Amino acid sequence: PHRRGKAGATNPGADGRMIMIEATTGLADRLTKLKRRVWQETYTGIYPAQKLLEFDEARHAEKFRRLIADPANQVVLLREDGQDAGYFVLGKPRPGWTGPPISVNALYLISDFQHRGLGRQVWQEIERRVKQAGFTVFGCRCNEHNERALTFYRRQGGVEIARESGHADRSEDQISLLFHLE
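Residues numbered from 1 in each chain as written. Predicted model: local features only at pLDDT ≥ 70, side-chain atom pairs only at ≥ 80, totals over all residues. Heavy atoms only, no water.

*Asks:* Please set out the overall build of the protein chain residue by residue, giving values where relevant.
*Replies:* Within the protein chain, the secondary structure is distributed over 5 helices and 9 strands. Reading the helices (α) and strands (β) of the protein chain from amino to carboxyl end gives β-β-β-α-α-α-β-β-β-α-β-α-β-β. The burial tally for the protein chain puts 48% of its 182 residues in the buried class. When the accessible surface of the protein chain is split by element, carbon and sulfur atoms take 50% of a total near 9,400 Å². (Helix = DSSP H or I, 4+ residues; strand = E, 2+ residues; numbered from the N terminus. Buried < 20%, exposed > 50% of the residue type's maximum accessible area, 1.4 Å probe, protein only. Areas by Shrake-Rupley, 256 points an atom, 1.4 Å probe, with all protein chains shown as cover.)

*Asks:* How would you summarise the state of the cysteines if you had to cite specific residues and measurements?
*Replies:* Under the criterion given, the structure shown has 0 disulfides. Lacking any disulfide linkage, Cys-140 is separated from the closest cysteine sulfur, that of Cys-142, by 6.2 Å. Cys-140 gets classed as buried once you look at its relative accessible area, which sits at 0%. With a relative accessible area of 5%, Cys-142 lands in the buried category. (Disulfide = S-S within 2.5 Å.)

*Asks:* With reference to specific residues and values, describe the packing of helix α1 (residues 28-43) against helix α3 (residues 57-69).
*Replies:* Between α1 and α3, whose axes approach to 9 Å, the crossing angle comes to 120°. Put simply, α1 runs oblique to α3. The two elements α1 and α3 meet at a crossing, and its hand is right-handed. Listed contacts from α3 to Ala-28, Asp-29, Leu-31, Thr-32, Lys-33, Lys-35, Arg-36 and Trp-39 of α1 are Glu-57, His-60, Ala-61, Lys-63, Phe-64, Arg-65 and Ile-68. When its residues are assigned to classes, the contact of α1 with α3 shows 6 nonpolar, 2 polar and 7 charged. (Axes fitted to C-alpha atoms, helices over the stretch in contact; angles between N-to-C directions. Parallel < 35°, antiparallel > 145°, perpendicular 65-115°, else oblique. Left-handed = near helix turned anticlockwise from the far one by under 90°. Contact = heavy atoms within 4.5 Å. Nonpolar A, V, L, I, M, F, W, Y, C, P; charged D, E, K, R; others polar.)

*Asks:* Break down the confidence of the model for the protein chain for me, with residues and values.
*Replies:* Confidence in the prediction of the protein chain, expressed as mean pLDDT, is 88, and 89% of residues score 70 or more. Every residue in residues 1-15 scores below 50 in pLDDT, and together they form 31 contacts with partners more than four places removed in sequence or on other chains. (pLDDT = per-residue confidence, 0-100.)

*Asks:* Describe the packing of aromatic side chains, listing the residues and the values that go with them.
*Replies:* To describe a pair of aromatic rings, one takes the distance between the centres and the angle between the planes. A full pass over the atoms with the stated rule returns 14 aromatic pairs. Considering the side-chain rings of Trp-123 and Phe-138, the 5.5 Å spacing of their centres and the 40° angle between planes classify their relative orientation as tilted. Highlighted residues: Trp-123 in helix α4 (residues 118-132) and Phe-138 in strand β7 (residues 137-143), separated in sequence by 15 residues. Through a chain of ring-to-ring contacts, the aromatic side chains of Trp-39, Tyr-43, Tyr-47, Phe-55, Phe-64, Tyr-87 and Tyr-108 assemble into a single cluster. (Phe/Tyr/Trp six-rings, centres within 6.5 Å; stacked < 30°, edge-to-face > 60°.)

This is the structure we're talking about:
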């Protein structure tokens with residue numbers, strides 16, 4: 001039900017779905033500010049406090065520019081009510097993960113936009129993109145201590161296929177999930 005508009009945006013239809021904008025390198029700074037906020041909201045109490053305090057915006061912006069420039073990745077800015085609400089990254093799995101051919105490498109909504117059904121809308125778009133890329137299986141890795149995200153992924157049909165836990169740095173504890181499309 002989406003129509004393509006200017007600047008690669010996927011515009012909402014009459015059903016009021018959120019706006020999904022295909023990121024260009026010019027959006028790297030906005031994405032970085034979103035990432036800082038969602039990391040603070042999501043990982044306080046999970047990641048070491050120093051890791052959150054030392055968030056290097058220049059380094060993360062450069063990382064976003066590299067992700068956006070790589071045609072194997074889809075980086076999408078999510079907007080709702082005229083505000084940046086979150087983002088997702090879909091593409092080749094991160095280095096070191098030899099699971100599925102395509103993976104959700106990031107999916108974040110800031111807290112103001114959670115528990116409103118928007119995550120499900122975004123997930124449906126991710127599933128559509130996975131199918132469009134010709135795949136019926138995709139993966140996602142999630143911090144083991146991020147219970148809200150794990151609950152969401154399991155509701156979307158995610159099945160745990162691997163767990164790396166017990167690290168001194170809890171940010172390294174990861175669960176790998178696999179999703180199958182019909």
